[in-house]
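Structure at a glance
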Amino acid sequence: MQDLQDISAFVAVATHGGFRGAARHTGASASQLSEAVRRLETRLGLRLFNRTTRSVATTAAGQHLLEQLTPALNAVESALDVANRFRDRPAGRLRLNVPLSASRLVLPRIIPPFLAAYPEIRLEVVVDDRFVELLQSGCDAGIRYEESMDQDMVAIPIGPKRQRMGAAASPAYLARHGRPTHPDDLRNHLCLRGRFSSGAMPAWVFEQPGKRVTVDVDGPLIVSLGEAADLAVDAAVGGAGVVYLFEDWLQPYLDRGELEPLLQDWWPSFTGPLLYFPGRRYLPAPLRAFVDFVQTQRW
């Protein structure tokens, strides 16, 4: 059992790029993982990692060992998951990697009834607007949109089947600057822009049947798309400019009259989010329960 624990520690450190990253994903301390790896290296008589004060990387021997161990550990995990199916209720940890929009617009409706139905499942949600490799991130499944989906993933709809992006501004802003009547008019407005973690700042897209207009807007505020989107909305409510965001995100502010919709007949529609996960014969029991639960939901 000690050998298996040490092997698991080695795989976690190799997979997550260091002792701290592995500690965050396993619940063990970095010192415990370091001691486990040291025991394994002593037993094998090999150095498995090159360590510096800034980085930890597998040696050639460590990389070869990781490649040989991964299929075997996956087989062990699958066997345990199959045994878990004989329980009255699935149990264990389920870890999801999702964008902020999903954590705000999709999961609040799903999580409470799911946890009530499966009280022995421990759900962990990691909010990350980057597209990450699921297994390397230590997650079982994720939520993304189809344009950023790996082809070898299984994906099912989760949340609304269709979504729209919308533009809005406060009554005070519109009183000072007027209301745009065409997307091109936004070039003369103060627009609150967003930047992806990659550094790219997307243009604003508007559509009508047979028409598509892409507008490179400008304005006094740029926020990080995802984690700082609420700041752009708050600034728009305060009269700083025009905001462009998910319709569902803007809807509460529209309902209260704090924002007014702009160019609503131009709002583009797109396919809603997808729950994606690696395709394999036996899904972990918590993930299988979540997939089955999602498929019963109606939006």
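The text that follows walks through the structure, step by step, so that each part is easy to find. Please read all numbers here as calculations on a predicted model, not as lab measurements. (Residues numbered from 1 in each chain as written. Predicted model: local features only at pLDDT ≥ 70, side-chain atom pairs only at ≥ 80, totals over all residues. Heavy atoms only, no water.)

1. Re the overall build of the protein
Here is the rule we go by: Here a strand is any run of E in DSSP of at least two residues, a helix any run of H or I of at least four, and the numbering for each starts at the N terminus. Only protein chains enter the accessibility calculation, which uses a 1.4 Å probe. A residue is then buried if its area is under 20% of the maximum for its type, exposed if over 50%, and partly exposed in between. The contact rule is simple, with two residues in contact once any of their heavy atoms fall within 4.5 Å. All accessible-area figures derive from a Shrake-Rupley calculation using a 1.4 Å probe, and residue coverage is judged against the displayed protein chains alone. When charges are tallied, Lys and Arg are placed among the positive residues and Asp and Glu among the negative ones, while His and the ends of the chain are skipped. Note on charges: their place is set at NZ of Lys, CZ of Arg, CG of Asp or CD of Glu.
Looking only at helices and strands, the protein has 11 helices and 15 strands in total. Overall size of the protein, expressed as C-alpha extent along the three principal axes, is 75 × 50 × 35 Å. Across the 299 residues of the protein, 44% fall into the buried class. The contacts of the protein with a sequence gap of at least 6 include a subset with a gap of at least 24, amounting to 73%. Accessible surface, the protein: about 15,800 Å² in total, of which carbon and sulfur atoms supply 52%. Charge separation in the protein, taken as the distance between the mean sites of 33 positive and 33 negative side-chain charges, equals 4 Å.

2. Comments concerning the pattern of salt bridges
To keep it simple, the criterion reads: The term salt bridge refers to a pairing of a side-chain nitrogen on Lys or Arg with a carboxyl oxygen on Asp or Glu at a separation within 4 Å.
One pass over the structure, following the stated rule, counts 13 salt bridges. With a shortest N-O distance of 2.8 Å, Arg-104 and Asp-230 are connected by a salt bridge. Taken together, the residues Arg-104 in helix α5 (residues 100-105) and Asp-230 in helix α9 (residues 229-237) connect sequence positions 126 residues apart. Asp-230 sits in the partly exposed class, given a relative accessible area of 27%. Overlapping salt bridges, with partners in common, bring together Arg-93, Arg-95 and Glu-124 in one network.

3. With respect to the nonpolar core
Convention followed: Note on terminology: a nonpolar core comprises buried Ala, Val, Leu, Ile, Met, Phe, Trp, Tyr and Cys residues joined through side-chain atoms within 4.5 Å. Segment limits for the domains were obtained from an automatic or database-derived domain assignment.
Membership of the largest hydrophobic core comes to 39 residues, with the highest contact counts inside it found for Leu-186, Phe-206, Val-242 and Leu-259. Looking at which domains feed residues into this core, each of domain 2 (85-161 + 272-296) and domain 3 (162-270) gives three or more. For Val-242, the contacting residues outside a window of four places in its chain are Ala-167, Ala-168, Ala-169, Tyr-173, Leu-186, His-189, Leu-190, Cys-191, Leu-192, Trp-204 and Leu-262. Grouped together as the second largest cluster of nonpolar side chains are 23 residues, Ala-102, Leu-107, Tyr-118 and Ala-141 included.

4. Quick word on unusual backbone geometry
Phi at Leu-263 is positive, roughly 55°, even though this residue is not glycine. Locating Leu-263 in the fold gives a position in the loop between β13 (260-262) and β14 (269-271).

5. Re the packing of helix α6 (residues 107-117) against helix α11 (residues 285-296)
How we decide: Lines fitted to C-alpha atoms define the axes, with helix axes restricted to the stretch in contact, and inter-axis angles between N-to-C directions lie between 0 and 180 degrees. Any angle that falls under 35 degrees is termed roughly parallel, while one over 145 is termed roughly antiparallel, one within 65 to 115 roughly perpendicular, and all others oblique. Crossing chirality is assigned from the near helix's rotation relative to the far helix, an anticlockwise turn below a right angle marking it left-handed and a clockwise turn marking it right-handed. Residues are grouped as follows: nonpolar covers Ala, Val, Leu, Ile, Met, Phe, Trp, Tyr, Cys and Pro; charged covers Asp, Glu, Lys and Arg; every other residue, Gly included, is treated as polar.
For the pair α6 and α11, interaxial distance at closest approach is 11 Å and the crossing angle is 125°. Judged by the inter-axis angle, α6 sits oblique to α11. Considering only the axes of α6 and α11, their crossing is right-handed. Every residue of α11 that contacts α6 at Ile-110, Pro-113 and Phe-114 is listed here: Pro-286, Ala-289, Phe-290 and Phe-293. Its residues assigned to classes, the contact of α6 with α11 comprises seven nonpolar, no polar and no charged.

6. Here's the deal with α9
Rules: The directions considered for the arc run from the helix axis to the C-beta atoms.
Buried within α9 we find Ala-229, Ala-232, Val-233, Ala-235 and Ala-236. Down the axis of α9, the buried side of the element spans an arc of 160°, and every buried residue falls inside it. On its buried face, α9 sits against β8 (191-195), β11 (221-224), β12 (242-246) and α10 (247-256). Two residues or fewer after α9 comes Gly-239, characterised by a positive phi angle close to 95°.

7. A short note on the environment of Ala-36
By secondary structure assignment, the location of Ala-36 is in helix α3 (residues 30-44). A relative accessible area of 5% means that Ala-36 is categorised as buried. C-alpha of Ala-36 to C-alpha of Ala-175: the two residues are 139 residues apart in sequence and 66 Å apart in space. Among residues more than four places away in sequence, those in contact with Ala-36 are Asp-6 and Ala-9.

8. Examining the sheet that holds strand β4 (residues 121-127)
What counts here: Any two strands with at least two DSSP bridges between them are considered paired.
The five strands are arranged β4-β3-β5-β15-β6 in an open sheet whose pairing can be described as mixed. Both edges of this open sheet fall to β4 and β6 (153-157), since each of them pairs with a single strand only. The average angle at which neighbouring strand axes cross in this sheet is 25°, direction not considered. Here two bridges tie strand β3 (residues 92-98) to strand β5 (residues 141-144), and the two strands are oriented parallel to one another. Along β5, the bridge assignment pairs Leu-96 with Ala-141.

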